[in-house]
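Residue-level structural notes
Read off the chains here:
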Amino acid sequence: MEKIQFLLLLMYLSNLANAQVIDNNLQGYYQAKSDSNMYSFFEFDGNGKVNIVGIGTGDYFTKGDSLIVYPDKSIFKFKIKNNTLIGASSWVEKETWIKKDTVVANNRKDVALAKKKASLLNEYYLMSKNKSSLEYMLDDSMAKAKKEKISKLCNDGLSKACMDYFGMLLIEDQGMDALLNPEKNTKPKPLNNTIIALGNTIISQGEPEGYTLLGAYYFMLGKKEKAIEQWNKGVEKGSQKSAMALIQIEME
């Protein structure tokens, strides 16, 4: 009897050792092995944010030896082997990135909060990995269920989910045509305080793209000066998307 209990204990401890720990503490500068690689480097801040070749930021988490990166609406998957990242999905498949000695600031200030964010992003990943956006659009019940899950993840503190939710509310409020062609939105609806509040929530979560989203919303409403004000704030906080929005306005 004691021998059986001992064996069960060993099996339990073995399972614990092999458990896929979810985190976002990967930190450092990873350079592409090939000069022809579209993505020359990834710079991880040890707190769930990654600088992608200097032209944008994304969210990431690790699960065991897997690395999941959300550059925007798409997804990159990697396998981690010592100080090397091996691409395992579209856009990065079979490519390799090697960690260099380049100094990268570690932005991990609150371990508990960082781990919570990683766990929430994993929930987001599990929710969205098996269904495409088109599938959700074609099924009202699925779309409703997704909206509820996104809203919950947002309320739990996941800024990426809040940005998705912002987009959902924007489409409901203004319509898809207005979203795709804001310059032709000649009859915008009145200011929606719920959308404004959500944008400010995203900003309060430390996500500078909240300024980008608010700017886009004001621009849709024909409030160009207000939009530029938000985008300027986004640039001050390091948002490349806000900078691109300002450049596009200047070129028109």
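Described below are features of the structure shown in this document. Values in this document were obtained by computation on a predicted structure and should not be read as measured data.

**Section: the overall build of the protein chain**
Tallying secondary structure elements over the protein chain gives 10 helices and nine strands in all. Looking at the protein chain as a whole, 40% of its 252 residues are labelled buried. Residue pairs in contact within the protein chain that sit at least 24 positions apart in sequence constitute 49% of those at least 6 positions apart. With an accessible surface of roughly 15000 Å², the protein chain has 54% of that area assigned to carbon and sulfur atoms.

**Topic: the packing of aromatic side chains**
Scanning all chains against the criterion turns up 15 aromatic pairs. Ring geometry for Phe 42 and Phe 78: centres 5.5 Å apart, planes at 75°, overall edge-to-face. Pair noted here: Phe 42 is in strand β3 (residues 41–45) and Phe 78 is in strand β7 (residues 76–81), with a separation of 36 residues, a long-range link. With respect to burial, Phe 42 and Phe 78 carry one shared label: buried. Clustering of aromatic rings is evident, with ring pairs tying together Tyr 30, Tyr 39, Phe 42, Phe 44, Tyr 60, Phe 76, Phe 78 and Trp 97.

**What about the packing of helix α7 (residues 193–204) against helix α8 (residues 209–220)?**
With their axes 8 Å apart at the nearest point, α7 and α8 run at an angle of 160° to one another. On the basis of the axis angle, α7 is roughly antiparallel to α8. Crossing handedness for the pair α7 and α8: left-handed. Seen from α7, the contacting residues are Ile 195, Ile 196, Gly 199, Asn 200, Ile 202 and Ile 203; seen from α8, they are Gly 210, Tyr 211, Leu 213, Leu 214, Tyr 217 and Tyr 218. Of the residues contributing to the contact of α7 with α8, the split by class is nine nonpolar, three polar and no charged.

**Quick notes on the state of the cysteines**
Each disulfide consists of one covalent bond between the sulfur atoms belonging to two cysteines. Evaluation of the coordinates by the stated rule reveals one disulfide. Covalently, Cys 154 is tied to Cys 162 through a disulfide, its sulfur atoms 2.1 Å apart. In this structure the cystine formed by Cys 154 and Cys 162 twists about its S-S bond by roughly 95°; its chirality is therefore right-handed. Judged by relative accessible area, which is 6%, Cys 154 ranks as buried. Here Cys 162 falls in the buried class, since its relative accessible area comes to 0%.

**Some words on the pairing of strand β8 (residues 84–87)**
Taken residue by residue, a regular strand's side chains alternate between the two faces of the sheet. Because side chains alternate across β8, one face comprises the buried residues Leu 85 and Gly 87, and the other comprises Thr 84 and Ile 86, none of which is buried. As paired strands, β7 and β8 are joined by four bridges and run antiparallel to one another. Of the residues in β8, the one forming a bridge with Lys 81 is Thr 84. The hairpin formed by β7 and β8 contains two residues between the paired strands, and Asn 82 there has a positive phi angle of roughly 55°.

**Brief notes about helix α9 (residues 224–236)**
Taking 1.5 Å of rise per residue, 13 residues should cover 18 Å, and α9 covers 18 Å from first to last C-alpha, within 8% of that figure. Taken together, the buried positions of α9 are occupied by Ala 227, Gln 230, Trp 231 and Gly 234. Taken down its axis, α9 places every buried residue within 100° of arc, on the same side. Turned more than 90 degrees away from the buried face of α9 sit Glu 225 and Glu 236, all of them exposed. Downstream of α9 by a residue or two, Gly 238 has a phi angle that is positive, lying close to 95°.

**Section: the side chain of Gln 230**
On the secondary structure map, Gln 230 appears in helix α9. On the basis of relative accessibility, which here comes to 7%, the residue Gln 230 falls in the buried class.

**Focus: the nonpolar core**
Soluble globular proteins tend to bury their nonpolar side chains together. The biggest cluster of nonpolar side chains holds 38 residues, and the ones touching the most others in it are Tyr 124, Ile 150, Leu 158, Phe 166, Leu 198, Tyr 217 and Trp 231. Taken together, the elements giving at least two residues each to this core come down to β6 (66–70), α2 (111–128), α4 (140–155), α5 (159–174), α7, α8, α9 and α10 (240–251). By residue number, the principal contributor to this core is α5, which donates eight residues.

**Remarks on the pairing of β3**
The buried fraction of β3 is high, at four of five residues. Looking at chain direction, strand β2 (residues 27–32) and β3 are connected through five bridges and run antiparallel. The residue of β3 that forms the bridge with Gly 28 is Phe 44. Direction of pairing for β3 relative to strand β4 (residues 49–52): antiparallel, over a ladder of three bridges. What sits directly across from Phe 42, in β4, is Ile 52. Hairpin connection of β3 to β4: three residues between the antiparallel strands, including Gly 46 at a positive phi of 75°.

Criteria and cut-off values
- Residues numbered from 1 in each chain as written.
- Predicted model: local features only at pLDDT ≥ 70, side-chain atom pairs only at ≥ 80, totals over all residues.
- Heavy atoms only, no water.
- Helix = DSSP H or I, 4+ residues; strand = E, 2+ residues; numbered from the N terminus.
- Buried < 20%, exposed > 50% of the residue type's maximum accessible area, 1.4 Å probe, protein only.
- Contact = heavy atoms within 4.5 Å.
- Areas by Shrake-Rupley, 256 points an atom, 1.4 Å probe, with all protein chains shown as cover.
- Phe/Tyr/Trp six-rings, centres within 6.5 Å; stacked < 30°, edge-to-face > 60°.
- Axes fitted to C-alpha atoms, helices over the stretch in contact; angles between N-to-C directions.
- Parallel < 35°, antiparallel > 145°, perpendicular 65-115°, else oblique.
- Left-handed = near helix turned anticlockwise from the far one by under 90°.
- Nonpolar A, V, L, I, M, F, W, Y, C, P; charged D, E, K, R; others polar.
- Disulfide = S-S within 2.5 Å.
- Pairing = 2+ DSSP bridges.
- Expected span 1.5 Å × (residues − 1).
- Arc of directions from axis to C-beta.
- Core = buried A, V, L, I, M, F, W, Y, C linked by side-chain atoms within 4.5 Å.

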